[in-house]
Amino acid sequence: MAQATTGSATKWPLYLSPLHHAIVTGNLTADPLPRSVKDASPEKFICEGFIESILDAFSDPEMNIVKKYKVEKNKKIQISDEEVPLSIRDARLFAVALARTPKKERRILVAKLVNMLHDCLESLRTDVALKEVLVSSPVYSGFVARVLTVCSTMIDMVSSGKLLVEHLCEYIGQLHYHLPSFIETDETIDTPTQECVNDWYSRESCFMGLWPDWESAALPHMELPPRNDFEPLSGDDIIKYRKLLANAMELGFQSAKNDKCQLVFGSWNASAKVCGIDNEVWIGPTNFDTMARLDNAMKLNHIRDDICELYSCLAKDESSKPKSYLSCLLRRKRSKQPEQFDPSRSVEHLKNAASESVKMLKDITKATTAIEGELSPGDCVVAEATLSYISFLASMFTTTQTELLTTLVKCDKPRRKRKSSSFSGESMGEGGDDGDCSDESGESDGYHDFEDDEDEEEAQMDGIAKLHHVCNILGASPFHPDWLDETCRLRSGISEAASVEFAEQMLRALTGFATGVFTQYSRTLAEVISNCPADDLEGTINGTAALSVIRGIHNIDSEAAITDAPDWQNDIAMAFGIDFDLVRFIFSGLKCMNAEAVKESYALNSAQRIKGKLQDFVASGSGWLPNSPEYRAGGEWELLLSDALISPCSTMDLKTDNTTLLSLGSDLLRWKRILQSIVNTLVPVNALLRFGLNGAKGRNQHRATNVESGEIVNGSIPHVTYQTSPIRAHIRTRTATAAKIAPSQLKTTVNKALCVLAEIQSCGFSSQIIQQSARTATCHLVTVDNDVLNLEGVHAIRNSLIAMKDFASAPRLQSKRRAHHLLGKIFGSMGSSDPKPSEFDSIKVLFCLGSPNDLKINTIAESAIDLRTTLQKCGNKDLYSDIIAWDWKTTPTDEIEFLCEAAQGRHKNITSPSVRSLLISCVKDALDAEDRNIADLDCIRSATLKYAMLKNWCKLGTQQIQVIVKNDICVIGNNAIAALSEKKLILFDISQQLCSLLASLLGAMSETDPDSSTKKMFNSILKTLKNTMQHWVAKKELVSVMCFMCILAMRFGGMKDVSEELLKIVKRKKSKEGDQDLCVLELFYRFLQESRKALSGGVDPTQNNMDAPESSEASTSKNMGAEEQGQQSCSFVSTHGEFTEQHWYNCYTCGLTWDKGCCSLCARVCHKGHDVGYSRKSSFFCDCGAEVRTNAGRISCKCLSPLPALSSINESKEFATSTDGKDGHLQNVPDSLRDGSWREAINLVSKQFASTAQKSLDDFISSIDSALIRDLLETFNSQFDLWTNQESMQGLLSNYADCADSEENSYEKNPSIISRDGTPLELTKMSGTNFSPIRMSKMNAINTQIVTDLSIDKSKKALLTKNAVERCCIATDSRGRMVIGEAKSISFFGALSLVNTRHVPFPLETVLLRSQLCMLGTHKLDFGVVGLSFCQERDRHLVIWGFTRANFLCLNKSSDKVDMCVELVVDLEIDDADCESDYVIKVEWITEVGLALNLNVYLLTSKSFLTSTFLCRQPLLSFAQLASSYTT
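What this report covers is the structure whose coordinates are included nearby. (Residues numbered from 1 in each chain as written. Predicted model: local features only at pLDDT ≥ 70, side-chain atom pairs only at ≥ 80, totals over all residues. Heavy atoms only, no water.)

**Concerning the overall build of the protein chain**
For step 1, the next point in the chain: Helix and strand counts for the protein chain come out as 63 helices and 19 strands.
For step 2, the next point in the chain: Burial analysis of the protein chain (1528 residues in total) assigns 55% to the buried set.
For step 3, the next point in the chain: Here the contacts in the protein chain between residues at least 6 apart in sequence split such that 77% fall between residues at least 24 apart.
For step 4, the next point in the chain: Only carbon and sulfur atoms are counted for the fraction: they give 50% of the accessible area of the protein chain, which is about 66,100 Å². (Helix = DSSP H or I, 4+ residues; strand = E, 2+ residues; numbered from the N terminus. Buried < 20%, exposed > 50% of the residue type's maximum accessible area, 1.4 Å probe, protein only. Contact = heavy atoms within 4.5 Å. Areas by Shrake-Rupley, 256 points an atom, 1.4 Å probe, with all protein chains shown as cover.)

**What to know about the pattern of salt bridges**
For step 1, the next point in the chain: Applying the stated criterion to the full structure yields 30 salt bridges.
For step 2, the next point in the chain: Aspartate 667 serves as the salt-bridge partner of arginine 670, at 3.3 Å between the closest nitrogen and oxygen. Here the residue arginine 670 and the residue aspartate 667 both occupy positions in helix H31 (residues 659-693), the gap between them amounting to three residues, near one helical turn. This pair shows no difference in class: arginine 670 is buried, exactly as aspartate 667 is.
For step 3, the next point in the chain: Lysine 805 is paired through a salt bridge with aspartate 806; the nearest N and O atoms lie 3.1 Å apart.
For step 4, the next point in the chain: Here aspartate 806 falls in the buried class, since its relative accessible area comes to 18%.
For step 5, the next point in the chain: Through salt bridges with shared partners, a single ionic network connects Arg242, Asp278 and Glu280. (Salt bridge = Lys/Arg side-chain N within 4 Å of Asp/Glu carboxyl O.)

**Looking at the packing of H31 against helix H34 (residues 743-761)**
For step 1, the next point in the chain: H34 packs onto H31 with a crossing angle of 145 degrees between their chain directions and a minimal axis gap of 12 Å. Crossing of H31 against H34: the hand is left-handed. Seen from H31, the contacting residues are Leu675, Val679, Leu682, Asn686, Leu689 and Leu693; seen from H34, they are Leu746, Val750, Leu757 and Ile760.
For step 2, the next point in the chain: Tallied by class, the residues present in the contact of H31 with H34 amount to nine nonpolar, one polar and no charged. (Axes fitted to C-alpha atoms, helices over the stretch in contact; angles between N-to-C directions. Left-handed = near helix turned anticlockwise from the far one by under 90°. Nonpolar A, V, L, I, M, F, W, Y, C, P; charged D, E, K, R; others polar.)

**Here we look at the sheet that holds strand E12 (residues 1415-1420)**
For step 1, the next point in the chain: Pairing in this open sheet of four strands is antiparallel, and the strands run E9-E10-E11-E12 from one edge to the other. Single-partner strands in this sheet number two, and they are strand E9 (1370-1372) and E12. Between one strand and the next, the sheet's axes are offset by a mean angle of 20 degrees, whatever the strand orientation. (Pairing = 2+ DSSP bridges.)

**Considerations on the packing of aromatic side chains**
For step 1, the next point in the chain: Throughout the structure, instances matching the rule amount to 24 aromatic pairs.
For step 2, the next point in the chain: For the pair tyrosine 1085 and phenylalanine 1260, a centre-to-centre distance of 6.5 Å together with 45 degrees between the ring planes defines the contact as tilted. Here the residue tyrosine 1085 occupies a position in helix H50 (residues 1075-1096), and phenylalanine 1260 occupies one in helix H58 (residues 1250-1263), the gap between them amounting to 175 residues.
For step 3, the next point in the chain: Its relative accessible area of 21% is what places tyrosine 1085 among the partly exposed residues.
For step 4, the next point in the chain: Members of the aromatic cluster, each reached through a chain of ring pairs, are Trp12, Phe45, Phe50 and Phe94.
For step 5, the next point in the chain: The lysine or arginine in question, arginine 304, covers the ring of tryptophan 268, its NZ or CZ lying 3.6 Å from the ring centre.
For step 6, the next point in the chain: Over the ring of phenylalanine 1052 we find arginine 1051; its NZ or CZ atom is 5.1 Å from the centre of that ring. (Phe/Tyr/Trp six-rings, centres within 6.5 Å; stacked < 30°, edge-to-face > 60°. Lys NZ or Arg CZ within 6 Å of the ring centre and 35° of its normal.)

**Some points on the pairing of strand E15 (residues 1446-1451)**
For step 1, the next point in the chain: Across the six residues of E15, six count as buried, placing the element largely inside the fold.
For step 2, the next point in the chain: Bridging between strand E14 (residues 1437-1441) and E15 involves five bridges; their strand directions are antiparallel. From the neighbouring strand, isoleucine 1440 faces E15, where its bridge partner is asparagine 1447.
For step 3, the next point in the chain: Connecting the antiparallel pair E14 and E15 is a turn made up of four residues.
For step 4, the next point in the chain: As judged from the six bridges shared by E15 and strand E16 (residues 1458-1464), these two strands associate in the antiparallel manner. Considered in E16, the bridge of phenylalanine 1448 is made with valine 1462.
For step 5, the next point in the chain: Between E15 and E16, which pair antiparallel and follow one another directly, the connecting turn spans six residues, one of which, serine 1455, has a positive phi of 55 degrees.

Rendered as structure tokens:
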């Protein structure tokens, strides 16, 4: 048959049609196994023919493989049964034929195949022409990969004997036919680069094994016979086999782009099984000197051997070892060397491996920084593999007591019942019949309960899905080893000092490697940009300038960048002449074209020696690809290592024929992969360093594990992207000392790592997943949440400032209108990096612009270190050295000059009013922050932002100043846009902002020795304002200009000139149009009046009027004692867990309830905006500072490092709310000045140049003559006559007069008369349910029935059923105390304690017994309670009434008993016979003046009509009666 098919008796065809294959395999498998060499001659003929055919193919691959098996694809229909050389059918035939030969013949044939492949691959490696064919033809490289797979399977079959033959014959033979299938393809596919995954990945050509699971190289699990010492290859042949696999892998690195890494993974899978057949004994990790002498392929094999052998030594769990034939071989092999698996030696191996890995990484760093040309794919793979090795080693230093799948199932289940720590064990036991959950629920780790009726496999899949989504959001796993919580421990034999020592070495090496890689990554991206011009570009591209703009765009969603194609991306492409597809490719995350397909096809099936927790779920078609954090969490170390092999196939997903660009793009993607691997490795290394420095004490459970899967998918996780926690300084110092690490060295290592991570996570061209991983790695190195944002924020703002400057200076920026899209986007990148940013952080802008503000961070190595000094010392100056030059110690003059030009409207490319408004607002906020943070006036006038801005403004000429004042401040000459209301409002906004900005700059001017240029500039502004006053004074939107002019006039003189000019303008307008002019005139004199008061000390313009309402926080701050006001850190810092008498609070948002709570400072800072309630003053330590674990995911304590005094914390809050109160200075002030500009002006006058202002006021007052007073009176009288003659004002004036007489009808804010419309207030009754029940008590737990034996009382009791009397038997005070009227008694309860356990499952079904109602006390009465009411002014005053009696009660301070009871004498003046129709309707509190109380008692008597009432107002107690009991 072979002769008929090929015409040769020595060769076997590499491809058989399905029909021929069925005939041959059917005849071959139908016969019994041959017993002699002669009987096996057909099988031997087939095997030798295959070997000869393979040798012939290697001799001339161009003719025998590439051209012979070239596939001519139909554009519409493609047949899956193409002619594939050595397809899976032919490979199985080859394997069966070999397995049927005698044992010795099998070994001879396999040795012949190995020697032939060794020679052929050695020729391929040295012959340039043959290598070029292999690299360029995926058909040939795929054939070589299949040959290696067949060879590996042959060796396994020789070593196993007959065990695999019977298993293989079950899947081939005369009953197993293969029918071709047809695939409909896209007609637009013309080139190989556009092939879809289905076109190249198929069973016939891409198999990695010959068994049913053809995607995996692992053989089925079989039990070895008692003795099997038969070696499939000799020692020399094993060496050749290793060598040929290494050569194949090196060749695969170069052919990976075309064959999608098939040859790489073919050789990788084959080399993994060599350890099962050789006689080499693993004696420990490979040292650095040995590793340095190896090529890349051998380095990878040694790294894998070290990982797998170390894992076998350290992991005693048999489930971590896959059930395969290779596992059986290794188990037998290891049984011969038990000394290698001794636990003590395992720890020794681990430490040695850590030391050697650091040396390897340093050597790679040295080689990487020296690379100037193309990055070798093999070097890239080794770099990634070394990083995976370090991740593995860092994770092996610790162990966890939780099992991942069990934990995921618990975390993902909705809580059905919740155990409550709020009640005592006895009370919970009593309520067991009512559905309460007892404390002995079986769950002590804080996770959700598992529902027994849930399918286990589905529950595990849901948990794996949640892990996948969380890892995508965090860039890391919330479990071991990325997050070391309370269940983690150091491995036995590893001390705290050892963990810190090795983690510090790893961190130092990783930081240096990250610096070099990130620099290379940036340079390569700049080269890619320079080589990708737009079609219409004439000239060259400045890739460095374009890259600086791209770097400044922060927090970009990569998916949105692909789908939305926003205008700002077009702006970048247009400004620098770059191809738009490249811009979109960069902001989409620099995705590789083939990476995901290769990973799904090969990498996920390459593990053979380590089985983690995810392999079963990935193999079952879960629908997603695991990422590195998932691999680490699941213990998939072999898969993590295999993931590095994908790097050689890196190809940009960009349509281009530019070979230079494609080559640079591949290098770019490889640098990006290495950078991502570095950041991923930093996460477990940083976690280990923190764990060791904290005395091997784990952190709280990550709050992301308590979020439901649906919330994760919807992206509604609040603040889970960063989570910090405190670290104890004395433990840190002790551990670092034991580790023999100098404190300065540890601080430097941590600070350098933070600087590099901040650069990476703030960079616009870092992908989103890299930024997230960098942020998580940073969280392990700091102890306060805000420090993560501060580090990232200052770098992001710096990048944005440079980006705006470089983009605005781009030479090709032609469309000024479109450029504003990008400028707005860059400006938005300067905001907070918080997932839910609240406001723009001007402190960071101020920091970047060089102002000497005090911005500190707290690291795990040191507390309260200066950020600027840290960045200057530890920031790598080589980073970005060829892109930007930035010095954190000096003022960035270029950026400040750019901001000034943009604010002044002088920049040629920034003409949009909206962009100008944003920039001016940014600068003004920074100046305000500088004023609040720098109290030294001399410092303000030296090296600050305000002084630098002032110098730039002083450079303007007189003509330029006049243009700015007329066009921008006075809004004169902008009639062209008068009809566009939106733009007009922006112009008015710019005017107000410029006035505020210039007024702030005026504060930097010296009062005693003013600079001549500064004085000249402000005098020019004042002169222009006075000359143009008649054009702008009538615009009510420009009253801020009037305020600014008053400041200038008071600073430089000219108050009388301004007053006279205003009078002239008002006189010329004798109509209602003069109303606004008169208001400005009034504003002018009001400003003088308030300034005079401020200068004399009579009024402090920064304080509210006494009548202004206080905010709740301000009121709480006032009520706190002096000691708490000055508290600068959490009380846990001083108590150290000891119970100390103090005030404390519950936070229901964070789960700090019942006996858990937070101190006063934490309540104001850490839990600001949460559901916080006062608990009591008692012996207590702060659970927030102690990081006590709660079921609710909560924030970490921010007050463990010293903070400013509490009063300064709320200063900005009180300042912001003060403008909303009844401020005496703001009454009748226009609304446009109620934003703080009026107060700013008064404060500037009184604080910055008080003596000059006082002199100006004195001069103005002395210059007032009778003529000026006469003109003022005439002006006011004439205007008043004009008002009163208007018919529309008559009713309004009378209405205002009526309202002014009544305090109850006064407005909260008193607007001017003109702004009132006289419309009366309309009140409507609320409909619907206004409250909802929270908890339910058990029936009869509270007896509210009125018990009486008198027939008269019984008749009155019937009134309740007729609704004649409304009963009110429950009352609460402002502190949450509740009083309930029961049968002839009242009971006191702690209402807050009943409901403070939030989110109780089934709250209305889980009823409370009387013993659970937190009863405080009772008080007996001698009449039934109809109603009771607390006094709103005094919580300790309570009135109770029945049908005919009423009592006044004065409660004690604890509100749990009665100190005084006063009987209210209610004289009904009727006989007993008439009592049935006489009763008390209700009693109400009216008012309380001092200590005299008044009540209204409403009575219904038989002497009056039923609907009439009898009012009895009487003072209850005098001062003397209450003085003895009422002491607060």
